[in-house]
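Now for the letters of each chain:
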Amino acid sequence: MLYDTLDQSDDIVFVLEQVDERADGIILVAANDALCRATGQSHEELIGRPLASLAAASGDPARSAEIVHAASEHRSVRCELLCDRQTGPPFWLGLHLMPTHGSSPTRFIVLGRDITETLHARQQQAAIQGLLAKVFLCVKAPVAIVSETGLIQMTNPALDGLLGYSPGSLVGKLAMECIAPSFRPSLAAARQRQVEDGQDYTIPTRLLCADGAEVPVDIMSITVQREDLRRFRIVTVLPRPDEPPATVHVAGKIRLIGLDEVREALGSRWAAAAARAMASAEHVIRRRCGPRDTFSRTPDGGFLICFADATEEEAAFRAAALGREIRTRLVGDGETEATATVSAIAASVEVPHVPGRSADMLATAIAERLNNRLAEIEARARETLRQAVQTASCRLEPIRSLRTHEIVAHFAQLPLNLEQRLLAAYSTLPMNERQDFDFDRLVLGVAAERAITEIAEGGSLLVLVNVDFEVFLVRRRTERYVAACQALDSRLRDRLVLVLSGMPKGFPKSRVLECVMRLRPFCHGVGFQSNGMEAPSVEFSLLGTAIVVLQQDRRLVATPRDLEILGKLIERLHAHRAQILIRHVPSWEAARPLARLGIDLVSIAEDERDAAGFETKT
């Protein structure tokens with residue numbers, strides 16, 4: 001069986017015998033069929049031939065001599081020997097010669113294989129590598145090869161010349177040190193994204209020259225992986241011509257990313273669903289944009305908004321607020337929770353001023369620059385959320401009775417600036433990362449800590465906490481929030497009022513009832529945030545003794561007609577025994593007409609005079 005297997009194998013096995021010390025004194029005395037197939041000769045033709053006679057005349061005699069010399073010293077050797085083939089071109093035999101022990105005369109076992117194709121492939125690869133090296137050195141575009149640890153492995157003369165370095169002096173330097181400091185965060189974020197998804201990227205940046213000057217360029221990074229699993233980046237540098245003076249635009253981008261997620265599932269119905277969702281989103285954006293803001297649709301199924309009078313941070317919050325309102329509207333219109341998923345990013349971008357450029361071309365340029373900053377924006381959002389989990393604190397907003405002017409409750413919330421930054425960061429991240437952060441659980445947690453401290457010091461007032469209805473659109477988030485409520489200190493449960501906000505208009509009232517019933521065992525009561533000057537879309541039975549929260553805005557006191565509408569809303573809510581709270585009333589003076597309408601509770605943004613001096617006229 002062994003001999004038969006060896007004969008059928010592609011591995012060549014033969015036995016040599018040393019009959020004398022001459023070069024021809026090493027002869028072949030046994031061989032398997034693999035050697036016969038490789039040489040094209042029979043056993044009878046091979047047996048008794050000197051080993052040297054197998055070597056091709058065109059081969060290097062030193063290789064045969066190396067084998068003979070090893071045999072004379074009775075040691076093993078590995079080498080490659082070009083051998084004759086009876087019909088056809090020579091072949092390369094990769095062999096391992098091993099001496100036997102205790103045999104007389106001296107014999108050697110040779111294991112080998114026809115490595116012609118392997119050797120040719122190796123030679124061709126070496127030739128290609130040599131050719132690429134020549135191309136690398138001759139190509140006009142500046143190029144560098146960077147290791148997975150960020151060290152420059154090789155540069156071509158074009159890059160050396162662009163940055164003013166002598167040939168080879170950049171090798172061993174950290175690639176990030178060649179980037180202008182102000183551009184390093186965005187490039188580091190882009191690089192991290194490439195490590196995670198393996199995708200190539202192109203990003204505008206500035207390189208540092210040897211003399212400290214900065215060069216505007218576009219960097220294209222491509223990842224390659226060698227057989228030894230080491231990864232390298234081929235970085236091509238595309239110098240940009242001197243740019244005209246740049247104009248800074250504060251822009252936001254909103255995408256209905258849920259449409260992409262359900263495209264395959266919807267099939268032929270997707271186009272109609274996408275058109276309907278985009279129309280709803282545009283309605284919200286058109287209604288919320290300021291008089292000097294502009295917006296346009298983007299080819300990737302989103303909207304680009306240029307905020308005329310906003311800082312980058314303000315734009316981020318406004319974009320996030322738009323995204324949340326769009327999602328709420330889509331859910332209310334009957335779209336599934338998956339379809340209604342929305343992302344929102346915002347940043348300030350520099351776009352070169354080009355005379356005569358159309359509005360569409362400008363929007364395209366802004367969108368491109370914004371996309372280039374996406375990795376940086378996402379990295380910053382992750383850091384914002386990470387720090388918030390560790391350091392977030394809570395403030396208590398006093399809630400006063402308009403009848404007695406006394407503080408009767410507190411509204412627990414994060415500091416306004418922090419809340420806006422967290423909402424903006426949350427809206428920026430992809431859906432799979434959002435699942436790991438619960439804004440409402442964070443607020444509940446810090447509010448609970450603050451409230452327990454107040455209770456320990458003798459406080460007995462109600463504590464109101466917002467909970468976005470979006471928590472109840474995803475089962476996983478619902479269960480986590482309910483579990484957090486179950487874990488609350490029993491002393492807090494007796495004073496906690498959870499205020500449901502962001503309820504989609506048109507959402508089934510039965511679903512709202514279900515959410516309320518899940519929360520009631522763990523709190524004093526459940527309140528509702530009203531949208532504008534409309535009653536909450538809930539079963540009337542839920543309004544009994546509930547607190548309904550209205551946000552103070554210019555419409556509440558803008559015109560006599562607004563006051564009339566507000567008065568009817570108050571009458572309707574009072575008919576169901578609800579208490580009405582208006583938050584962030586600018587002053588006690590502004591609260592005067594609200595008191596006449598029958599508002600029960602207020603929070604005052606600024607106490608212009610002591611509450612005790614406030615006179616209520618009924």
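The structure presented is a predicted model; accordingly, all values stated were derived computationally and were not measured.

1. Observations concerning the overall build of the chain
Then, number 1: Counting secondary structure elements, the chain contains 21 helices and 22 strands.
Then, number 2: In terms of C-alpha radius of gyration, the chain reaches 39 Å, well past the compact-globule figure of 25 Å for 618 residues.
Then, number 3: Here the chain holds 618 residues, and the buried ones make up 45% of them.
Then, number 4: Here the chain displays about 31400 Å² of accessible surface, and carbon together with sulfur accounts for 54% of that area.
Then, number 5: Averaging the coordinates of the 72 positive side-chain charges in the chain and doing the same for the 80 negative ones gives two points 7 Å apart.

2. Details of the sheet that holds strand S7 (residues 152-155)
Then, number 1: The strand order across the open sheet formed by five strands is S7-S6-S10-S9-S8, and the pairing between neighbours is antiparallel. One side of each edge strand has no neighbouring strand; the edge strands of this open sheet are S7 and strand S8 (201-208). This sheet shows a mean twist of 30° between the axes of neighbouring strands, independent of strand direction.
Then, number 2: As paired elements, strand S6 (residues 143-147) and S7 share three bridges and run antiparallel to each other. Opposite Ala144, over in S7, you have Thr155 as the bridge partner.
Then, number 3: Where helix H7 (residues 184-197) meets the sheet, it contacts S8, strand S9 (214-225) and strand S10 (231-239), and its direction lies at approximately 145° from that of S8.

3. Let's talk about the nonpolar core
Then, number 1: Ranked by internal contacts, the top residues of the largest apolar core, which has 104 residues, are Leu256, Leu414, Phe469, Leu498, Leu500 and Phe528.
Then, number 2: If you tally residues by element for this core, the top one is helix H16 (residues 439-456), at 10 residues.
Then, number 3: Discounting residues that sit within four places of it in the chain, Leu500 has contacts with Val467, Phe469, Phe472, Val516, Leu519, Val526, Gly527, Phe528 and Gln529.

4. Thoughts on unusual backbone geometry
Then, number 1: Its identity as a non-glycine residue notwithstanding, His74 has a phi of 55°, on the positive side.
Then, number 2: Positionally, His74 belongs in the loop between helix H4 (61-72) and strand S3 (77-83).
Then, number 3: Notably, His405 is not glycine yet its phi reads approximately 70°, a positive angle.
Then, number 4: Tracing the backbone shows His405 in the loop between strand S15 (395-401) and strand S16 (407-413).

5. Section: the packing of aromatic side chains
Then, number 1: Summed over all chains, the structure comprises three aromatic pairs.
Then, number 2: When the centroid spacing of 6.2 Å and the interplanar angle of 45° are considered together, the rings of Tyr426 and Phe437 count as tilted. Of this pair, Tyr426 sits in helix H14 (residues 416-428) while Phe437 sits in the loop between helix H15 (431-434) and H16, and the two are 11 residues apart along the sequence.
Then, number 3: Look at Tyr426 and you get buried, because its relative accessible area is 7%.
Then, number 4: When its relative accessible area of 7% is taken as the criterion, Phe437 is described as buried.
Then, number 5: Summarising the aromatic geometry, the rings of Phe469 and Phe507 are spaced 5.2 Å apart at their centres and angled 75° between planes, so their arrangement reads as edge-to-face. Of this pair, Phe469 sits in the loop between strand S17 (462-468) and helix H17 (475-486) while Phe507 is found in the loop between strand S18 (496-501) and helix H19 (509-519), placing the two residues 38 residues apart along the sequence. Per residue, the accessibility class of Phe469 equals that of Phe507, and both read buried.
Then, number 6: One aromatic cluster in this structure is built from Phe469, Phe472 and Phe507.
Then, number 7: For the cation-ring pair, Arg583 lies above Phe411, with the distance from its terminal atom to the ring centre recorded as 3.7 Å.

6. A look at empty space enclosed by the protein
Then, number 1: Following the criterion strictly, the structure yields three cavities of 30 Å³ or more and no others.
Then, number 2: Approximately 90 Å³ is the volume found for the largest cavity.
Then, number 3: The wall of the largest cavity is formed by Gly323, Arg324, Arg327, Val342, Ser343, Ala344, Tyr426, Ser427, Arg434 and Glu470.
Then, number 4: Contributions of two or more residues to the lining of the largest cavity are made by helix H11 (312-332), strand S14 (343-352) and H14.
Then, number 5: At three residues, the largest contribution of residues to the lining of the largest cavity is made by H11.
Then, number 6: Within the lining of the largest cavity, the residues separate by chemical class into three nonpolar, three polar and four charged.

Calculation notes
- Residues numbered from 1 in each chain as written.
- Predicted model: local features only at pLDDT ≥ 70, side-chain atom pairs only at ≥ 80, totals over all residues.
- Heavy atoms only, no water.
- Helix = DSSP H or I, 4+ residues; strand = E, 2+ residues; numbered from the N terminus.
- Rg over C-alpha atoms; globule rule 2.2 N^0.38 Å.
- Buried < 20%, exposed > 50% of the residue type's maximum accessible area, 1.4 Å probe, protein only.
- Areas by Shrake-Rupley, 256 points an atom, 1.4 Å probe, with all protein chains shown as cover.
- Lys, Arg positive; Asp, Glu negative; His and termini not counted.
- Charge placed at Lys NZ, Arg CZ, Asp CG, Glu CD.
- Pairing = 2+ DSSP bridges.
- Axes fitted to C-alpha atoms, helices over the stretch in contact; angles between N-to-C directions.
- Contact = heavy atoms within 4.5 Å.
- Core = buried A, V, L, I, M, F, W, Y, C linked by side-chain atoms within 4.5 Å.
- Phe/Tyr/Trp six-rings, centres within 6.5 Å; stacked < 30°, edge-to-face > 60°.
- Lys NZ or Arg CZ within 6 Å of the ring centre and 35° of its normal.
- 1 Å grid on protein atoms, 1.4 Å probe; cavity = no way out; pocket = protein on both sides within 12 Å on 5 of 7 lines; lining within 4 Å.
- Points joined across faces, edges and corners; volume = space filled by probe spheres on them.
- Nonpolar A, V, L, I, M, F, W, Y, C, P; charged D, E, K, R; others polar.

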